[in-house]
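Observations on chain architecture
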Amino acid sequence: EDQVTQSPEALRLQEGESSSLNCSYTVSGLRGLFWYRQDPGKGPEFLFTLYSAGEEKEKERLKATLTKKESFLHITAPKPEDSATYLCAAANAGGTSYGKLTFGQGTILTVHP
Amino acid sequence: NAGVTQTPKFRILKIGQSMTLQCTQDMNHNYMYWYRQDPGMGLKLIYYSVGAGITDKGEVPNGYNVSRSTTEDFPLRLELAAPSQTSVYFCASSYPNNGYTFGSGTRLTVV
């Protein structure tokens, strides 16, 4: 059974204090690893897709990296507007062209001014 | 470009009532999905569709039904609502192996 586990469950940072969020995955053939941001009362918003170990992607203060077992979302010099829940999801190869996404439970990030 | 539109945004149902959650997308995506999100539990897949006329069960399909008569629309039907179906429901769409575009969600309470 595919599993995605995120840690920590919640993270409180001071503005400018860099840190990382972890996503550990076990899937039967990884097709892609996805990161989403979710603001309260809204749907998840797509951030990144990583396809192979060693791949990195960046967007403003966020950088996502991938190994064969984990993905990290690094947040450099965060601002209060980066406060949100960050979701990780893994797509398995599957028997068809459909890549079912298994989501982690999310990390709630709070950045204090 | 509206993306994925879900209606209603909020709904309170009594136990045993039925309702349909509406979802429509204007991006010509073949793949559409319904998820439910419960506190601390992550997103769980209810049903998905890879094209008009094709649907299949996800992880938690019991108590729900779907149909996909057009590319744009993917309604989710709740029959005989139960308190366990109190949740936030998200519809999403995508091209194969691309990131999903999610709707803004429907918050459902069954009392």
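Preceding block: the structure.
Every chain is numbered on its own, with residues counted from 1 as its sequence reads. All chains are assigned letters beginning with A, and all ligands numbers beginning with 1, in the order in which they are written. pLDDT decides what is reported in this predicted model: residues at 70 or higher carry local features, side-chain atom pairs at 80 or more are listed and counted, and totals for whole chains, interfaces and linings draw on all residues regardless. Excluding hydrogens and water, the side-chain figures rest on all heavy atoms present in the structure.

**Describing the overall build of chain B**
- Of the regular secondary structure elements, chain B holds 0 helices and 11 strands.
- Counting from the N terminus, the helices are DSSP H or I runs at least four residues long and the strands are E runs at least two residues long. Taken from N to C terminus, the helices and strands of chain B fall in the order β-β-β-β-β-β-β-β-β-β-β.
- This radius of gyration counts C-alpha atoms alone. The globule rule is 2.2 Å times how many residues there are, raised to the power 0.38. In terms of overall size, chain B behaves like a compact globule, its C-alpha atoms giving a radius of gyration of 13 Å where 111 residues would be expected to give roughly 13 Å.
- By principal-axis analysis of the C-alpha atoms, chain B measures approximately 35 × 25 × 25 Å.
- Residues count as neighbours in contact if any of their non-hydrogen atoms are within 4.5 Å of one another. Expressed as a percentage of contacts within chain B between residues at least 6 apart in sequence, the contacts between residues at least 24 apart total 54%.
- When the accessible surface of chain B is summed, it comes to about 5,100 Å², and 52% of that surface belongs to carbon and sulfur atoms.
- Residues scored as positive are Lys and Arg, those scored as negative are Asp and Glu, and His as well as the terminal groups of each chain are ignored. The atoms used to mark charge sites are NZ of Lys, CZ of Arg, CG of Asp and CD of Glu. Distance between charge centroids for chain B: 9 Å, based on 9 positive and 7 negative side chains. Only the protein chains shown count as cover for residues, and the accessible areas themselves come from Shrake-Rupley with a 1.4 Å probe.

**Considering the pairing of strand 5 (residues 45-50) of chain A**
All names here are of chain A.
- By the bridge criterion, 5 bridges tie strand 4 (residues 30-38) to strand 5 in an arrangement that is antiparallel. When the bridges of strand 5 are listed, Tyr 36 appears paired with Phe 46.
- Following strand 4, the chain reverses through 6 residues before pairing antiparallel with strand 5; Gly 41 in that reversal takes a positive phi of roughly 75 degrees. Strand pairing follows a simple DSSP-based rule, namely that at least 2 bridges must link the two strands.

**Section: the nonpolar core**
All names here are of chain A.
- We call a set of buried residues a nonpolar core when its members are Ala, Val, Leu, Ile, Met, Phe, Trp, Tyr or Cys and they connect through side-chain atoms within 4.5 Å of each other. Partly exposed describes any residue whose relative accessible area lies between the buried limit of under 20% and the exposed limit of over 50%, with all areas from a 1.4 Å probe on protein chains only and scaled to the type maximum. One finds Leu 33, Trp 35, Leu 73 and Tyr 86 to be the most contacted residues of the largest nonpolar core, which totals 23 residues.
- For this core, the secondary-structure elements that each account for two or more residues are strand 2 (10-14), strand 3 (19-26), strand 4, strand 5, strand 7 (62-66), strand 8 (70-75), strand 9 (84-92) and strand 11 (107-112).
- Considering each element in turn, this core owes the most residues, 4 residues, to strand 9.
- When sequence neighbours within four positions are dropped, the list of residues in contact with Leu 33 reads Cys 23, Tyr 25, Phe 48, Thr 49, Leu 50, Leu 66, Ser 71, Cys 88, Ala 89 and Ala 90.

**Focus: the sheet that holds strand 6 (residues 56-59) of chain A**
Residues and elements named next belong to chain A.
- Across the sheet, which stays open at both edges, the 5 strands sit in the order 1-3-8-7-6 with antiparallel pairing between neighbours. Edge positions in the sheet fall to strand 1 (3-7) and strand 6, since each of these pairs with one other strand and no more. Going from strand to strand, the sheet's axes swing by 15 degrees on average, the running direction of each strand aside.
- The sheet contact formed by strand 7 and strand 8 spans 5 bridges and is antiparallel. If you follow Thr 65 over to strand 8, its bridge partner there is Phe 72. Only C-alpha atoms enter the line fits that serve as axes; for helices the fit covers just the stretch in contact. Angles between N-to-C directions range over 0 to 180 degrees.

**Considering the state of the cysteines**
Residue and element names in this part refer to chain B.
- In plain terms, two cysteine sulfur atoms within 2.5 Å form what is called a disulfide here. Evaluated as defined, the whole model comprises 2 disulfides over all chains.
- Paired through a disulfide, Cys 23 and Cys 91 show a sulfur-sulfur distance of 1.9 Å. Taking the torsion about the S-S bond as the criterion, the Cys 23 to Cys 91 disulfide, at about -70 degrees, is left-handed. Taken together, the residues span a long stretch of sequence, with Cys 23 in strand 3 (residues 19-25) and Cys 91 in strand 9 (residues 87-94) at a distance of 68 residues. Of the two residues examined, Cys 23 and Cys 91, each falls in the buried class.

**Re the packing of aromatic side chains**
- Stacked, tilted and edge-to-face are the three classes assigned to paired rings of Phe, Tyr and Trp, where Trp is represented by its six-membered ring and a pair needs centres within 6.5 Å; plane angles under 30 degrees give stacked, over 60 edge-to-face, the rest tilted. If you walk through the whole model with that rule in mind, you get 13 aromatic pairs over all chains.
- For the ring pair Tyr 36 of chain A and Phe 46 of chain A, a centre distance of 5.9 Å and an interplane angle of 70 degrees mean the geometry is edge-to-face. With a gap of 10 residues between them, Tyr 36 of chain A in strand 4 and Phe 46 of chain A in strand 5 connect regions that are remote in the sequence.
- On the accessibility criterion, Phe 46 of chain A (33% relative accessible area) is partly exposed.
- Arranged with centres 5.8 Å apart and planes meeting at 45 degrees, the rings of Tyr 36 of chain A and Phe 103 of chain A form a pair that is tilted. With a gap of 67 residues between them, Tyr 36 of chain A in strand 4 and Phe 103 of chain A in strand 10 (residues 101-103) connect regions that are remote in the sequence.
- We classify Phe 103 of chain A as buried; its relative accessible area is 6%.
- Three or more aromatic residues joined by ring pairs form one cluster here, namely Phe 34, Tyr 36, Phe 46 and Phe 103 of chain A together with Tyr 33, Tyr 35, Phe 90, Tyr 100 and Phe 102 of chain B.

**Looking at the environment of Tyr 47 of chain B**
Residue and element names in this part refer to chain B.
- Take Tyr 47: it is sitting in strand 5 (residues 42-51).
- Taking the relative accessible area as the measure of exposure, Tyr 47 reaches 8% and is therefore buried.
- Between the C-alpha atoms of Tyr 47 and Leu 80, which are 33 residues apart in sequence, the distance is 18 Å.

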